[in-house]
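Commentary on secondary and tertiary structure
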Amino acid sequence: MKPLRILFLASEADPFVKVGGLGDVAGSLPYALQSLGQDLDVRLVIPFHPSIRAEGLTLVRETVFTIPHYGREVPAQVFCTDVKGLPVYLISGAPVTGSLKVYDPNPKADGEKYVFFSMAALEMARRLEWRPDVVHANDWHTAPAVYAVRRMQNDPFWQGVKTVFSVHNLGYMGAEAENALLAYGLPPVEEPLLPEWARRQPMGQALWAADAIVAVSPSYAEEIQTPEYGYGLETYLQAHSEKITGIVNGIDYSLWNPAKDSALEANFDVTRLEERARNKANLQAQFGLTELPDAPLLAMVTRFDFQKGVDIALNALRMVTAQPWQAILLGTGNATLEEAARLLEAHFHHRVAAVIRFDARLSRQIYGGADILLMPSRYEPCGLAQMIAMRYGAIPLARATGGLRDTIADGRTGFLFTEPSPSVMAAAIRRAIHAYRNRETWQAMQRAAMAEDFSWEKSARQYADLYQSL
Ligand code: ADP
């Protein structure tokens, strides 16, 4: 039997480019699928973003073609490289090279870029005469490919090709891509159960077109079918619940390993937890925080976005200032939230450090040295930071939603709270600080958290089974 061919599309993939969790997923799931030992031929396709540095990559120019855009033709170039045995295609063209950021601050430019990319990724397969069995797209950026495959079912090349659409974040639907969709030949979908506006957007179209929809955790799979998290698409999703599954993301255990992580001052594993103290001291020294043996070091590593509840955390911290704690807040994004974090630092000097940047190395030092990772997300489809934290012995304190609820056991591997309010989060922080005071309880929690298995293997197998079933 010939191997099952999977064309895996994403807007970002580590180590080429990473902005958030999707970069982690697209940079690790394809490898995990390859290593299952099942007969899968997986190929990853991402845009050749200007921030991807070509030096150090062995690039082969594969093919050049054009994509129709209204009356004119937009040239596309495809380059191929090989990373640990996985073929990775990078697609270039004016809509990609003209946009400096992976997610352009100008949403119209983003729309042009990603619809172009989605169409070019499909055309690439045809040019290379590599007919996939399954096209697997992720989030709105590559959603147009799912819709296009469905629309091309009369084309002998695409006939019978199945699609999987992973929803990492339903909140971002690609609303501004509407004109680009029309320009690249994708008209509104005719589906009465979808709200009128959703028929003209990448997310709505892919949810309609996909043979299978994957939400990135079992809880999120249920949540998106409710008004609270469904953004108006819940009626459609409820009616098609038979094609929705929840598969939790994994993390790459070779990339996230406290025993080998070169960013850490001191490496450790579950048998050498006391080594973490050096990492904590290193963080305190770097950020001018006083060394206080009894105070837990709280941390956030996140996009500064209201989704992530950064405001909830900042207000909650102000409510528990009578308790001993210190905090490091690493993140960038929304200017109001950045300012609020800086203000907390200004009010609580030597106690709070607001580090407003994206810093992969520092994030590792935080996971390896902080005591508690705060994740008060308003919604969290899966969340990776809590899994990384647990792998590094930092205990997550999180809102019980989506993937956080599915991966954290309250009182055993972390602390969960329900209502997204500062006072309820403050109560959870008090509870955590109380537990922290008892060294044995705390170490038992750390050991339990570190013993959890968040590696990709199990989830990759679920994806492989899904491909097979299609
Ligand atoms: P999301 O994908 O919604 O941003 P996740 O928790 O799934 O959230 O993934 C976030 C990923 O991005 C994690 O690997 C986290 O460590 C990383 N990250 C977020 N903000 C920063 C930052 N400022 N510096 C370094 N890494 C960050």
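These notes cover the structure that comes with them.

The rules we used
Residues numbered from 1 in each chain as written. Predicted model: local features only at pLDDT ≥ 70, side-chain atom pairs only at ≥ 80, totals over all residues. Heavy atoms only, no water. Core = buried A, V, L, I, M, F, W, Y, C linked by side-chain atoms within 4.5 Å. Buried < 20%, exposed > 50% of the residue type's maximum accessible area, 1.4 Å probe, protein only. Domains from an automatic or database assignment. Contact = heavy atoms within 4.5 Å. Salt bridge = Lys/Arg side-chain N within 4 Å of Asp/Glu carboxyl O. Helix = DSSP H or I, 4+ residues; strand = E, 2+ residues; numbered from the N terminus. Near = heavy atom within 4 Å. Polar contact = N/O pair within 3.5 Å; in protein donor to acceptor, adjacent residues only side chain to side chain. Areas by Shrake-Rupley, 256 points an atom, 1.4 Å probe, with all protein chains shown as cover. Pairing = 2+ DSSP bridges. Axes fitted to C-alpha atoms, helices over the stretch in contact; angles between N-to-C directions.

Re the nonpolar core
One finds Leu 33, Phe 165, Leu 170, Leu 207, Leu 397 and Tyr 467 to be the most contacted residues of the largest nonpolar core, which totals 173 residues. Looking at which domains feed residues into this core, each of domain 1 (4-250 + 457-469) and domain 2 (273-453) supplies at least three. The contact partners of Tyr 467, leaving out residues within four places of it in the chain, are Leu 4, Ile 6, Phe 8, Leu 33, Leu 40, Val 134, His 136 and Val 164.

Overview of the pattern of salt bridges
If you walk through the whole model with that rule in mind, you get 23 salt bridges. As a salt-bridge pair, Lys 18 and Asp 24 come within 3.0 Å of each other at their nearest N and O atoms. For Asp 24, a relative accessible area of 13% corresponds to the buried category. Across the pair Asp 410 and Arg 431 runs a salt bridge whose closest N-O atoms are separated by 3.2 Å. With Asp 410 in the loop between helix 16 (402-407) and strand 15 (415-417) and Arg 431 in helix 17 (residues 422-437), the pair connects residues that are 21 residues apart, well separated along the chain.

Observations regarding the site of the ligand
As a matter of local geometry, the ligand sits amid 20 residues, with Gly 21, Arg 303, Lys 308, Arg 357 and Tyr 367 nearest to it. Measuring from an oxygen atom of the ligand, one finds a side-chain N or O atom of Lys 308 at 2.8 Å. A distance of 3.2 Å is found between an oxygen atom of the ligand and a backbone nitrogen or oxygen belonging to Ala 385. Summarising the interface, the protein chains cover 93% of the accessible area of the ligand, which totals 570 Å² for the free molecule. Put simply, the parts of the chain that give the shell around the ligand at least two residues each are helix 1 (21-26), helix 14 (360-369) and helix 15 (385-391).

Focus: the sheet that holds strand 12 (residues 352-355)
The sheet built from six strands is open, its strands ordered 12-11-10-13-14-15 with parallel pairing. Two strands in the sheet have a free side with no partner beyond their single neighbour: strand 12 and strand 15. Strand after strand, the sheet turns through a mean of 15 degrees between neighbouring axes, direction not considered. Sheet analysis places strand 11 (residues 326-330) next to strand 12, joined by four bridges and oriented parallel. Bridging from a neighbouring strand, Ile 328 pairs with Ala 353 of strand 12. Across the sheet, helix 12 (residues 310-319) is in contact with strand 10 (297-301), strand 11 and strand 13 (372-375); its angle to strand 10 comes to roughly 165 degrees.

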